[in-house]
Amino acid sequence: MRGICRDGALALGGALGWEVLRRRLRPGPRYRPQERPPYREFPHRVLVVGGGFAGYSAAMELCRLVRGRDDVGVMVLSRENYFTFWPMLPGIVSNDVDARNLAQPLRRALIRAGASFRRAGLQGVDPERRVVRAGGVEIPYDHLVLALGGEPAYFGIPGVEEHCISLRGIADAERIRNRVIERYEEATLARGEVPDSRLSFVVIGGGATGVETVAALHELVHGALARDYPNLHPRRVRLTLVDRNPEILKELDPALRRVARRRLERLNVRILNGATAREVLKDRVVLEDGREIPSENVIWTAGARASSKLDELPFPHDGRRGLEVDACMRVRGFEDVWGVGDCAANVDAEGDPVPPNAQAAVQEGRAVARNVLAAIDGENPEPFRYRPLGQLVELGSRFAVNEVLGVRFSGLLASLFWRLTYLYKLESPHSRARVAADWLLDLFTEPAVAQIRR
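No experiment lies behind these values; they were computed from the predicted model shown.

In this section: the sheet that holds strand β11 (residues 164-166). In a beta sheet, neighbouring strands are held together by backbone hydrogen bonds and run either parallel or antiparallel to one another. If you trace the 5 strands from one edge of the open sheet to the other, you get β11-β18-β12-β13-β14, paired in parallel fashion. Two strands lie at the open edges of the sheet, namely β11 and β14 (269-273), each paired on one side alone. On average, adjacent strands in this sheet sit at an angle of 20 degrees to one another, irrespective of strand direction. Pairing analysis gives 5 bridges linking strand β12 (residues 200-204) to strand β13 (residues 238-243), with the strands arranged parallel. Note on β13: the bridge partner recorded for valine 202 is threonine 240. Each of β13 and β14 touches helix α9 (residues 254-266); the most contacted strand, β14, lies at about 135 degrees to it.

Below is the structure:
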């Protein structure tokens, strides 16, 4: 009898321990569904427009800060019910990552944190009445956080919008991969008798996105496709990187730039620095110096601007840099409107421009949450202080160039660091597990590539 009691106590203790662990790993929502107050009933309503890195971080941080309070309601308005995990986007091109795992769900995470979520496109803002129009309804606010993101900038170059694929999200990454497969199918059907322009791929823009994309193209061509199309030699495919700057990856340390360039050259990527596109035609790219690159497959990563949606809103903004905000991220002339991320011309406490990247957007989102709460509580907001942690650039699945807190390293170790870092930063636990499983399986299997035509 004593043994039975002891075993029962051990079983009960184990069950309780497991429940504690489960709750730690999967914390419950701030409100149960039947207890949840409507957003409109909160004394202070904070509406975040945009569900990217900046908007999501702002909402999650604000929910964390007001977890013990019942006077602040948070709602996120976004045209999609997910946000794209941008750092891994080129992995879709190389078939290294499943596109579904980069679509980080918004609704469940926000609701569990205590926020409301509505999927709708922004139609307008009435700052006098403090309402936002979206999806045919009006949503009130006491504080409005605009995190509308950015979009490609084409600089008035003829033919770019018509003939280039701009890497704006998951669908575009899939489109690039499918374009490569389509060209392979055409060349196989024609027994290789296709013009060189069909198998020439040009990436315009030598920043991190452009470099990672051209490396991903090489990985796709020399990896899965080489096995699936044995009659088409991978060297028939020409990869060219065009950059108007004297060196690629200008945001990195010069030593790492040189390492990255040598790596791409070993992959037979042709790099044209100091080259600017004058015009993009259906079958070629014309450069400012008159040179022409035959290609029917041009990918644009050369520039970005603030969301053009700002043109429809009654707030001061620069057409390219975005909302005019002060050092605390308040939109100039409006005490209750804030701007973060790529849609705002943010500067740090020293007056230096904040770079338009994911780590800056996350820091801005968290900082604006603290400032909004300070304004609600009658305190003074603090100037934003950007703390760059470094830059990670992957050039294929086994090589990267990293600069982290002043430490520079490259190669396979840097690639492992890149993967572990971004695996940790994925918001969805399911995506984290699936990506890790895919990477592990790739070590032992040869994943095939399929084009799903719609």
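From this point on, the discussion continues.
Along the chain, glutamate 364 falls in helix α10 (residues 358-376). For glutamate 364, the residues in contact, after removing those within four places along its chain, are Met329, Val340, Gly341, Asn346, Val354 and Phe384.

Now for the packing of helix α11 (residues 412-425) against helix α12 (residues 429-442). Between α11 and α12, the least distance of the axes is 9 Å, while the angle of their chain directions is 155 degrees. Comparing their axes, α12 and α11 come out roughly antiparallel. The handedness of the crossing between α11 and α12 is right-handed. Taken together, the residues of α12 that come into contact with α11 (itself represented by Trp418, Arg419, Leu423 and Tyr424) are Arg432, Val435, Ala436 and Trp439. Here the contact of α11 with α12 is composed, by residue class, of 6 nonpolar, no polar and 2 charged.

Throughout the structure, instances matching the rule amount to 27 salt bridges. For the salt bridge of arginine 284 with glutamate 292, the shortest nitrogen-to-oxygen distance reads 3.3 Å. Take arginine 284: its relative accessible area is 27%, and that puts it in the partly exposed class. The structure contains a network of salt bridges with shared partners spanning Arg45, Arg130, Asp142 and Asp336.

Most of strand β2 (residues 72-78) sits out of view: 7 of its 7 residues are buried. Of the two faces of β2, the one carrying Val72, Val74, Val76 and Ser78 and the one carrying Gly73, Met75 and Leu77 are both buried. As defined by bridge partners, strand β1 (residues 44-49) adjoins β2 across 6 bridges and the pair is classed as parallel. Paired with valine 46 across the strands is valine 74, a residue of β2. Since β1 and β2 lie parallel, the crossover through helix α2 (residues 53-65) that links them has a hand, and here it is right-handed. As paired strands, β2 and strand β5 (residues 116-119) are joined by 4 bridges and run parallel to one another. What sits directly across from valine 76, in β5, is phenylalanine 117.

Here is what the cut-offs are and how they apply
- Residues numbered from 1 in each chain as written.
- Predicted model: local features only at pLDDT ≥ 70, side-chain atom pairs only at ≥ 80, totals over all residues.
- Heavy atoms only, no water.
- Pairing = 2+ DSSP bridges.
- Helix = DSSP H or I, 4+ residues; strand = E, 2+ residues; numbered from the N terminus.
- Axes fitted to C-alpha atoms, helices over the stretch in contact; angles between N-to-C directions.
- Contact = heavy atoms within 4.5 Å.
- Parallel < 35°, antiparallel > 145°, perpendicular 65-115°, else oblique.
- Left-handed = near helix turned anticlockwise from the far one by under 90°.
- Nonpolar A, V, L, I, M, F, W, Y, C, P; charged D, E, K, R; others polar.
- Salt bridge = Lys/Arg side-chain N within 4 Å of Asp/Glu carboxyl O.
- Buried < 20%, exposed > 50% of the residue type's maximum accessible area, 1.4 Å probe, protein only.
- Right-handed = clockwise from strand over helix to strand, strands pointing away.

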